[in-house]
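# Secondary and tertiary structure notes
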There are 4 protein chains.
Amino acid sequence: MFQKQALLLRLVTNVTNNLTGRKISNNVGFIGLGNMGAKMASHLIKKGRKVKVYDVSKSAAQSIQGAQICNSPKEAAEDNSIVITMLPDGEIVKEVLQTENGILKGIKKNSLFIDCSTIEPKSAQELAKISKKNSIRFLDAPVSGGVTGAAAATLTFMVGGDAKDVEEAKPYLLQAGAKVFHCGDYGAGQVAKLCNNLILAATMVATAESLNMGTKLGLDPKVLTDIVNVSTGRSWTSETYNPYPGIVKNIPPANNYEGGFMVKLVAKDLGLAENAALQCNAPVPMTALSHQLYRTLISQGFGDKDFAYIYQFLKGVN
Amino acid sequence: MFQKQALLLRLVTNVTNNLTGRKISNNVGFIGLGNMGAKMASHLIKKGRKVKVYDVSKSAAQSIQGAQICNSPKEAAEDNSIVITMLPDGEIVKEVLQTENGILKGIKKNSLFIDCSTIEPKSAQELAKISKKNSIRFLDAPVSGGVTGAAAATLTFMVGGDAKDVEEAKPYLLQAGAKVFHCGDYGAGQVAKLCNNLILAATMVATAESLNMGTKLGLDPKVLTDIVNVSTGRSWTSETYNPYPGIVKNIPPANNYEGGFMVKLVAKDLGLAENAALQCNAPVPMTALSHQLYRTLISQGFGDKDFAYIYQFLKGVN
Amino acid sequence: MFQKQALLLRLVTNVTNNLTGRKISNNVGFIGLGNMGAKMASHLIKKGRKVKVYDVSKSAAQSIQGAQICNSPKEAAEDNSIVITMLPDGEIVKEVLQTENGILKGIKKNSLFIDCSTIEPKSAQELAKISKKNSIRFLDAPVSGGVTGAAAATLTFMVGGDAKDVEEAKPYLLQAGAKVFHCGDYGAGQVAKLCNNLILAATMVATAESLNMGTKLGLDPKVLTDIVNVSTGRSWTSETYNPYPGIVKNIPPANNYEGGFMVKLVAKDLGLAENAALQCNAPVPMTALSHQLYRTLISQGFGDKDFAYIYQFLKGVN
Amino acid sequence: MFQKQALLLRLVTNVTNNLTGRKISNNVGFIGLGNMGAKMASHLIKKGRKVKVYDVSKSAAQSIQGAQICNSPKEAAEDNSIVITMLPDGEIVKEVLQTENGILKGIKKNSLFIDCSTIEPKSAQELAKISKKNSIRFLDAPVSGGVTGAAAATLTFMVGGDAKDVEEAKPYLLQAGAKVFHCGDYGAGQVAKLCNNLILAATMVATAESLNMGTKLGLDPKVLTDIVNVSTGRSWTSETYNPYPGIVKNIPPANNYEGGFMVKLVAKDLGLAENAALQCNAPVPMTALSHQLYRTLISQGFGDKDFAYIYQFLKGVN
């Protein structure tokens, strides 16, 4: 099946190339092979791309079946018109771009550099500037959907940058995900991601407060969830990621809050959201509170738990 | 159509009476005819009930077409097996029940007293005790769905009390609403309502923070909403009650935040939720914050605005 | 020395009686002999009063040297012109006042009933009404200074009620404390106490945040405290009740946070403060947050620790 | 008098030079002549220093009586062993240091560069590194005391860096202020300042909540302040910067909240404090809340008001 897809892709790519008048190779450089990146790179390979990969951890790179393993970002960037990064923060992306054996040393003029990391919007704008200076094109394209979405290739990409570049990126991104949104100019993808995640975090905390209070006052958590899910308190959290253990099967709350969206990562995103809010003078009191609650969980030793663990924390020791 | 419904109802009622072995009259006493109560009473009448109504405001009572207007709660309660109240707070319900010309003076032994007001769970439990002492049966049955839901008879009833009594109440409640949940023992209906509304309030504030920050950083609010609505930040608020003006038609944010769920009423519910949380030692930091934000709106003069006005408040004067 | 004081007191009392034209006995009824009440009653006895005491715990009553132990509030109230209560909450005060063998059954007409408990201002106003109906006079007179202040007779009394009654109470109160403030009408003593304590709680949390962050970033906590104590962050907390262990000697933070102002009691006061704020539509966001932080400490099992334990909680497990 | 002081200073300087074996000139370069810097530079001049000044605003520089006005930071730094900066933020300090006509271009090897700006501790550490690379010595020395303290030369300097360098700086700093604290290594001065100011902000908000609630419930604000000032709620804020208008004379709350510590500046410091807390994983929930409350004031148009204006904001429109 994948062979057919790969064949089809080549045809589509050719057509696209003819339409845009720009020669696009089938090849991708992929840098950053953590939980998310490894799965994304694998999907591209399975669907017919030749992917050159690099990670600081050699074993992470070696785990990607069918990939061409490289010794530096420079090498991974060479001979590709598309280079994708999926890295922990903006400083590291800049480093990987500009270092001695960095992307800029290998990438061809006019190539498309797509950063899928979650970083500060401001950092994304700096990456766009550095890219322009070096005659390459840039997109910020952070994802939502988490490790599950990466595994199932159902990620949503929120993309900032030039509309034509977004169109060019789509056939690639849609092999690793299900939806691509063009959010606006450089950095807008990051803004959209933070805007979504700050709602997610607050909704999780509020849903946890509700389930804790409700059950302590005698309600059956399943009945309460049923009510909320047909009422005005309904949300993605209450329906598909309910923090009460076992209400939804096969999610971290059903598995001792292991895996999932770790407390320390939601705290990172909330910190980025607060900084973005500062830049535009937007008060974010609720975001600040959910941020600090998650910081408190980290200081209590729960940084590696899934973020639904806030329910257990509020429930307490009794 | 309503005549047929009324006919059908009588048949069903007869069947039910035969099944339960208990004589249920077709008649209802309804006390409290504000925005919500007036619409609920009207639906009962349209669907074939004989309804005796009372309100402190005579003109409110007179506005209910087809109702039998009474001069006291006592009179409204006489000759009915079902008495429904829809009043502003628990103190008033107790007063209406126990006062000189109150419900208890008119209601028959073993009748069913259904309080649909939103009050403290503790108060509902006191009403249950008073009812028991006076040989009548009690249900707390607060609603969600607001004025719109009352007008369309699509309210959700969250009911606390005895299961048999809930079954007996259902044919009545389902004439004024669309769903009935039995939540547990006396007071459980109130607990469920507060549990839902605390999530609603926090989600509204977080969604407003997100839309304010996003648009200040250059996103199109419609695009951001589209993204959130297919992502993990999705909620009833983002989908059907979006606080950015005009994203959803025919809701208060599209109409200068007039009508709807008033700031002062959401603040009332959050205060009740906090008190309920105190009773069971459940920390509710996010509920406390959204409560205080709405209190701040009240102190700034926005108590009568729809609760989505928090978006405008965060947006500020610039 | 105390004999002389007692002698002097009798002289002063006689003079006062002559001036006011009202016969004041030297005797006091004292009900509620917990940590605070026991010390206060003892001071009155040591300084020459005849004190009739009652507590639900007989052994608590028996521990008061020189007291006349009674079997009911009624008995403790008999033959005294002054009756003082020091009890856990407003419901209990009302009970002790109105129960079958309660204060009202024993107290003489026109006597002065002084409630030193910390209760809701609204409850104090209800006590005033009940007192008036029963032809006795009432003062609410909660204290600040804690167990240490009670032991050293340095308490501050914040008193609500009639100015003449406050003057009459002063000679008694000043035997158990050092300062008496007339705050206003009935309930004003309670309001003043809550107003003070909400500042105290917030200042404690903020000082703990500062010391935790400062030391984690390398500052010597002693040096930081010295700086704060000559700067704009200075407070009673930073100077005399510093939450960092050992900075101030002989306070709970130097003794594993045992004793002192327990987390569960500061949480109780903050709950009362929030309810008082609700009655007057005063937003109290910071009070609500410190309240919820202390509720979180309770749910984590630290309700019996001194309230400075918030420092350890923020510091966390690392 | 100042002549005598200047004479004495020269003697002391000579003695110090002899003791340390290091030739210290009497001269100072001073860059940044805003509200604070202008007053500090003036004190140095009045007390006998030769001061070369630079500011982007020529008129600001010209207003300093007795100063030698320069055309660049480079020129201001030349021929001085001490160069002091007082600038809005860390980016500007770095710019002024490293730009084409910046400090580094004029300053002599081994000179002492003292930055009195309030900036991120991390930025101060970067300045220390840049200084070391360029063979000059660095101190971060932010101040507390505000414009009033600058005018009266009663500032407190919180200094991070090498102990010997702090000793060398003292005679200069004590001409513009009253106290010098050595807080620790590079950046420690900034940490101490932020630690102090986060307490200050929270205490101000809590004191404002208390005064608003107390007066709305009928207390006289003067009486409440008197009580708090002898009780556990006492603080620098309640005693010397009380937010209720007129309780303390000659401070901004007595003058329509004009001047003083502007809302936008306290918000800036709280933002820096939160970022510093992030670096060391210290939860700061109360700081985050007071930060967001001040951000809300900014969005409502009150950024230029004194930070005690939070009282008026909570009081609201009624």
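Each value, and the rule that gives it
Residues numbered from 1 in each chain as written. Chains lettered and ligands numbered in written order. Predicted model: local features only at pLDDT ≥ 70, side-chain atom pairs only at ≥ 80, totals over all residues. Heavy atoms only, no water. Helix = DSSP H or I, 4+ residues; strand = E, 2+ residues; numbered from the N terminus. Rg over C-alpha atoms; globule rule 2.2 N^0.38 Å. Buried < 20%, exposed > 50% of the residue type's maximum accessible area, 1.4 Å probe, protein only. Contact = heavy atoms within 4.5 Å. Buried area = accessible area lost by both parts, 1.4 Å probe. Salt bridge = Lys/Arg side-chain N within 4 Å of Asp/Glu carboxyl O. Polar contact = N/O pair within 3.5 Å; in protein donor to acceptor, adjacent residues only side chain to side chain. Nonpolar A, V, L, I, M, F, W, Y, C, P; charged D, E, K, R; others polar. pLDDT = per-residue confidence, 0-100. Least-squares fit on C-alpha atoms with pLDDT ≥ 70 in both. UniProt positions renumbered as here; feature names shortened; annotations may be inferred. Axes fitted to C-alpha atoms, helices over the stretch in contact; angles between N-to-C directions. Parallel < 35°, antiparallel > 145°, perpendicular 65-115°, else oblique. Left-handed = near helix turned anticlockwise from the far one by under 90°. Core = buried A, V, L, I, M, F, W, Y, C linked by side-chain atoms within 4.5 Å. Disulfide = S-S within 2.5 Å. Phe/Tyr/Trp six-rings, centres within 6.5 Å; stacked < 30°, edge-to-face > 60°. Lys NZ or Arg CZ within 6 Å of the ring centre and 35° of its normal. Domains from an automatic or database assignment. Expected span 1.5 Å × (residues − 1). Bend = angle between axes of the 7 residues up to and from the residue.

### Some words on the overall build of chain A
- Summing up its helical and strand segments, chain A has 15 helices and nine strands in all.
- For a compact globule of 318 residues, the expected C-alpha radius of gyration is about 20 Å, and chain A comes in at 21 Å, within 12% of that figure.
- Viewed in the frame of its principal axes, chain A has a C-alpha envelope of about 65 × 45 × 35 Å.
- A total of 318 residues make up chain A; the buried ones form 63% of that total.

### Let's talk about the interface of chain A and chain B
- Listed per partner, the contact involves 59 residues of chain A and 59 residues of chain B.
- Looking at the side of chain A facing chain B, the largest losses of area belong to Met 213, Thr 232 and Met 286 of chain A, adding up to 15% of the total buried there.
- Between Glu 239 of chain A and Arg 234 of chain B there is a salt bridge, and its shortest N-O distance comes to 3.1 Å.
- At the junction of chain A and chain B, the tally comes to 14 residue pairs in polar contact (both at pLDDT 80 or more).
- At the level of secondary structure, the elements contributing two or more residues to the side of chain A that touches chain B comprise strand S8 (155–160), strand S9 (177–184), helix H10 (188–216), helix H11 (221–229), helix H12 (236–240), helix H13 (263–279) and helix H14 (285–299) of chain A.
- A class-by-class count of the residues in the side of chain A that touches chain B yields 35 nonpolar, 18 polar and six charged.

### Considering the confidence of the model for chain A
- Looking at chain A as a whole, its pLDDT mean stands at 92, while 92% of the residues score no less than 70.
- Across the predicted assembly, pTM comes out at 0.90 and ipTM at 0.88.

### Side note on the relation of the copies chain A and chain B
- Once turned by 180° and shifted 0.0 Å along the axis, chain A lies on chain B with an RMSD of 0.1 Å. When the rotation and shift are considered jointly, the pair of chain copies conforms to a two-fold rotation axis. Among all residues of chain A, the one whose C-alpha sits closest to the rotation axis is Ser 235 of chain A, at a distance of 1.9 Å.
- In this assembly, 100% of the residues forming the interface of chain A have copies in chain B that are likewise at the interface, indicating an isologous arrangement.

### Some remarks on the UniProt feature "active site" (unreviewed entry) in chain A
Residues and elements named next belong to chain A.
- Residues annotated in UniProt with the feature "active site" (unreviewed entry) correspond here to Lys 193.
- Mapping Lys 193 onto the fold places it in helix H10.
- Relative accessible area serves as the criterion here: at 10%, Lys 193 is assigned to the buried category.
- The contacts of Lys 193, once residues within four sequence positions are left out, are Thr 118, Pro 142, Val 143, Met 158 and Asp 269.

### Some words on the packing of H10 of chain A against helix H11 (residues 221–229) of chain B
- Between H10 of chain A and H11 of chain B, the least distance of the axes is 10 Å, while the angle of their chain directions is 55°. With respect to H11 of chain B, the axis of H10 of chain A lies oblique. The way H10 of chain A lies across H11 of chain B gives a crossing that is right-handed. Taking contact as the criterion, the partners of Ala 192, Cys 195, Asn 196 and Ile 199 of chain A in H10 of chain A are, on H11 of chain B, Leu 224, Ile 227 and Val 228 of chain B.

### Some points on the nonpolar core
- Ranked by internal contacts, the top residues of the largest apolar core, which has 214 residues, are Tyr 294 of chain A, Tyr 294 of chain B, Tyr 294 of chain C together with Tyr 294 of chain D.
- Leave out the neighbours within four places in its chain, and Tyr 294 of chain D touches Ala 201, Met 204, Val 205, Val 263, Val 266, Ala 267, Leu 270, Phe 307 and Ile 310 of chain D.

### Quick look at the UniProt feature "domain: 3-hydroxyisobutyrate dehydrogenase-like NAD-binding" (unreviewed entry) in chain A
- As annotated in UniProt, the feature "domain: 3-hydroxyisobutyrate dehydrogenase-like NAD-binding" (unreviewed entry) corresponds to residues 187–313 of chain A in the numbering used here.
- The straight-line gap between the two end C-alpha atoms of residues 187–313 of chain A is 35 Å; of that span, 62% is helix and 0% is strand.

### With respect to the side chain of Ser 117 of chain A
Residue and element names in this part refer to chain A.
- In this fold, Ser 117 is placed in the loop between strand S5 (112–115) and helix H7 (121–133).
- At 2.8 Å, the side chain of Ser 117 forms a polar contact with the backbone nitrogen of Leu 87.
- Setting aside anything within four residues of it in sequence, one finds Ser 117 in contact with Thr 85, Met 86, Leu 87, Val 93, Pro 142 and Gln 190.

### A closer look at the state of the cysteines
- Using the criterion set out here, one finds zero disulfides over all chains in the structure.
- For the unlinked cysteine Cys 70 of chain A, the closest cysteine sulfur is that of Cys 116 of chain A, found at 18 Å.
- Distance from the sulfur of Cys 280 of chain D, which forms no disulfide, to the nearest cysteine sulfur (Cys 195 of chain D) is 8.4 Å.

### Some words on the pattern of salt bridges
- Evaluated as defined, the whole model comprises 44 salt bridges over all chains.
- Between Glu 258 of chain A and Lys 305 of chain A there is a salt bridge, with its nearest N and O atoms 3.2 Å apart. Linking Glu 258 of chain A in the loop between H12 and H13 with Lys 305 of chain A in the loop between H14 and helix H15 (310–315), this pair joins segments that are 47 residues apart in sequence.
- You can call Glu 258 of chain A partly exposed: its relative accessible area is 38%.
- Assessed through its relative accessible area of 16%, Lys 305 of chain A is described here as buried.
- By sharing partners, the salt bridges in this structure join Arg 234 and Glu 239 of chain A together with Arg 234 and Glu 239 of chain B into a single network.

### Comments concerning the packing of aromatic side chains
- With the rule as written, the count across this model stands at 38 aromatic pairs over all chains.
- Judged by centre distance (5.4 Å) and plane angle (85°), the rings of Tyr 257 of chain B and Tyr 309 of chain B are edge-to-face. In this pair, Tyr 257 of chain B is assigned in the loop between helix H12 (236–240) and helix H13 (263–279) and Tyr 309 of chain B in the loop between helix H14 (285–299) and helix H15 (310–315), connecting sequence segments 52 residues apart. Take Tyr 257 of chain B and Tyr 309 of chain B: they sit in the same class, and that class is buried.
- Against the face of Tyr 172 of chain A rests Arg 49 of chain A, its NZ or CZ located 3.6 Å from the ring centre.

### Some remarks on the domain arrangement of chain A
Residues and elements named next belong to chain A.
- Split into domains, chain A comes out as domain 1 (2–186) and domain 2 (191–315).
- On the side of domain 2, ten residues touch domain 1, which itself brings ten residues to the contact.
- Counting each side, the surface lost to burial between domain 1 and domain 2 is near 910 Å², with a carbon and sulfur contribution of 63%.
- It is Thr 118, Glu 120 and Pro 121 in domain 1 that bury the most area against domain 2; as a group they hold 52% of the surface buried on that side.
- Run the count over domain 1 and domain 2 and you get zero salt bridges.
- Here domain 1 is connected to domain 2 by four residue pairs in polar contact (both at pLDDT 80 or more).

### Details of helix H9 (residues 163–176) of chain B
Residues and elements named next belong to chain B.
- Helix length check: H9, at 14 residues, gives a terminal C-alpha distance of 20 Å against a target of 20 Å (1.5 Å per residue), a fit within 8%.
- Its axis deflected by about 45° at Lys 170, H9 carries its strongest bend there, up to four residues before the proline Pro 171.
- Of all the residues in H9, the buried ones are Asp 165, Val 166, Glu 168, Ala 169, Tyr 172, Leu 173, Gln 175 and Ala 176.
- A distance of 3.1 Å separates the backbone nitrogen of Lys 164 from a side-chain oxygen at the start of H9, and that oxygen is part of Asp 162.

### Observations regarding the packing of helix H10 (residues 188–216) of chain D against helix H13 (residues 263–279) of chain D
Residue and element names in this part refer to chain D.
- The contact between H10 and H13 brings their axes to 9 Å, and the two run at 120°. Compared by their axis directions, H10 and H13 come out oblique. With respect to the hand of their crossing, H10 and H13 are arranged in left-handed fashion. Along the contact surface, H10 presents Lys 193, Leu 194, Asn 197, Leu 198 and Ala 201, while H13 presents Val 266, Asp 269, Leu 270, Leu 272, Ala 273 and Ala 276.
- Residue composition of the contact of H10 with H13, by class: eight nonpolar, one polar and two charged.

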